[in-house]
Amino acid sequence: MLSVENLSYTYPGGTEAVRGIDFAIEKGEIFGFLGPSGAGKSTTQKVLIRLLRGFQGNITVLGKPLNQWDDSYYEQVGVAFELPNHYQKLTASENLSLFRSLYNGDTLEPAQLLEMVGLSEDADTRLSQFSKGMQMRLNFVRSLIHKPELLFLDEPTTGLDPVNGQKIKDILRQQKQEGRTIFLTTHDMTVADQICDRVAFIVDGQITLIDSPRNLRLQHGRRRVTVEYHHDGTSAPTQQAEFPLDGLGDSDEFLKILRTNRIETIHTQEATLEDIFIQTTGRSLT
């Protein structure tokens, strides 16, 4: 669906934002582009959506070199920017109807889109009266209006409460099931861990690692199990014990704890994506 080879981009003035990165995204994949502010995430996305020209390297999208696409490119791709960009004097429905009119192919009804993100009751409200979270939801759903094959999303859950953030993630999973490909830039490792098939870590304009979240957790986690329990089933403060995951079923001490105490929790020592990012790049996400 998308192939990037040796991509570099330097802004006027000499700031090199992206330095020779390579990656490819398969059809129907959710690909997370993860890194702190200033890492090169948004620059890469702006190149891919043709807002920034004059890049170095080779980019192929939907089987065609990016620089050979004309404006028909935007019939195939959907874009949601990190900051909403709506017409504030128009209502939510009017905004979607306006953008819908720009496309030549089949489109979704504004009412259907608003219902997807819980904005049906606000269809006739001017955008100037929307909260940031409401604007973000409209910003996201606008990218779906023309049923694009490829979605470019920049921090799609920023500013959303947990309920509406979950709605967005559920919609993305549904889009994936329908065969769409999603390129997601974020610094929210929890979101990436929950929905991405693969992630790339980018720092200072260079990709340091690409793999699935599961593989990364297994590779960088500790093969240990921690048990929290109440001694002899009493209500005394919990105690904690840690055991090697290998050979756990043959550990007499572990089995004794299970048989004679009231267990509160048992969990493996998995690393989070944020832990792995810091470990492999030496940088934090802030």
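The model shown is predicted, which means the values in this text are computed figures rather than measured ones.

## Some details on unusual backbone geometry
The backbone of Asn-6 sits at a positive phi, close to 55 degrees, despite the residue not being glycine. Residue placement: Asn-6 occurs in strand E1 (residues 2-10).

## Section: the packing of helix H3 (residues 92-100) against helix H5 (residues 132-142)
The contact between H3 and H5 brings their axes to 11 Å, and the two run at 25 degrees. On the basis of the axis angle, H3 is roughly parallel to H5. When you trace H3 past H5, the crossing you get is right-handed. Of the residues in H5, those touching H3 at Ala-92, Leu-96 and Phe-99 are Leu-138, Val-141 and Arg-142. Within the contact of H3 with H5, the residues separate by chemical class into five nonpolar, no polar and one charged.

## Digging into the confidence of the model for the protein chain
Of the residues in the protein chain, 98% have a pLDDT of 70 or more, and the chain-wide mean is 91. Element-level mean pLDDT values for the protein chain span from 82 in helix H10 (residues 273-281) up to 97 in E1.

## Some remarks on the packing of aromatic side chains
A full pass over the atoms with the stated rule returns 12 aromatic pairs. Residues Phe-33 and Phe-183 carry aromatic rings whose centres are separated by 5.3 Å and whose planes lie at 40 degrees to one another, so their mutual orientation is tilted. Highlighted residues: Phe-33 in strand E3 (residues 30-34) and Phe-183 in strand E8 (residues 181-186), separated in sequence by 150 residues. Taking the relative accessible area as the measure of exposure, Phe-33 reaches 0% and is therefore buried. The buried category is assigned to Phe-183, whose relative accessible area is 0%. Seen in terms of ring centroids, Trp-69 and Tyr-73 are 5.4 Å apart; in terms of plane orientation they differ by 55 degrees. Their pairing is tilted. Each member of the pair, Trp-69 together with Tyr-73, is buried. Linked through ring pairs, Phe-23, Phe-31, Phe-33, Phe-152 and Phe-183 together constitute an aromatic cluster. Directly above the ring of Phe-99 sits Arg-142, whose terminal nitrogen or CZ lies 4.2 Å from the centroid.

## Considering the sheet that holds E8
Taken in spatial order, the six strands of this open sheet run E6-E7-E8-E3-E9-E10, and their pairing is mixed. With partners counted over all chains shown, the strands left at the sheet margins are strand E6 (77-80) and strand E10 (206-211), one partner each. Recorded for the sheet is a direction-independent mean angle of 15 degrees between the axes of neighbouring strands. This element, helix H1 (residues 41-48), spans E3, strand E7 (150-154), E8 and strand E9 (198-203) of the sheet and lies at about 145 degrees to E8. Contacts between helix H8 (residues 213-220) and the sheet are confined to E9 and E10, with E10 contributing the most and set at about 95 degrees to the helix.

Criteria and cut-off values
- Residues numbered from 1 in each chain as written.
- Predicted model: local features only at pLDDT ≥ 70, side-chain atom pairs only at ≥ 80, totals over all residues.
- Heavy atoms only, no water.
- Helix = DSSP H or I, 4+ residues; strand = E, 2+ residues; numbered from the N terminus.
- Axes fitted to C-alpha atoms, helices over the stretch in contact; angles between N-to-C directions.
- Parallel < 35°, antiparallel > 145°, perpendicular 65-115°, else oblique.
- Left-handed = near helix turned anticlockwise from the far one by under 90°.
- Contact = heavy atoms within 4.5 Å.
- Nonpolar A, V, L, I, M, F, W, Y, C, P; charged D, E, K, R; others polar.
- pLDDT = per-residue confidence, 0-100.
- Phe/Tyr/Trp six-rings, centres within 6.5 Å; stacked < 30°, edge-to-face > 60°.
- Buried < 20%, exposed > 50% of the residue type's maximum accessible area, 1.4 Å probe, protein only.
- Lys NZ or Arg CZ within 6 Å of the ring centre and 35° of its normal.
- Pairing = 2+ DSSP bridges.

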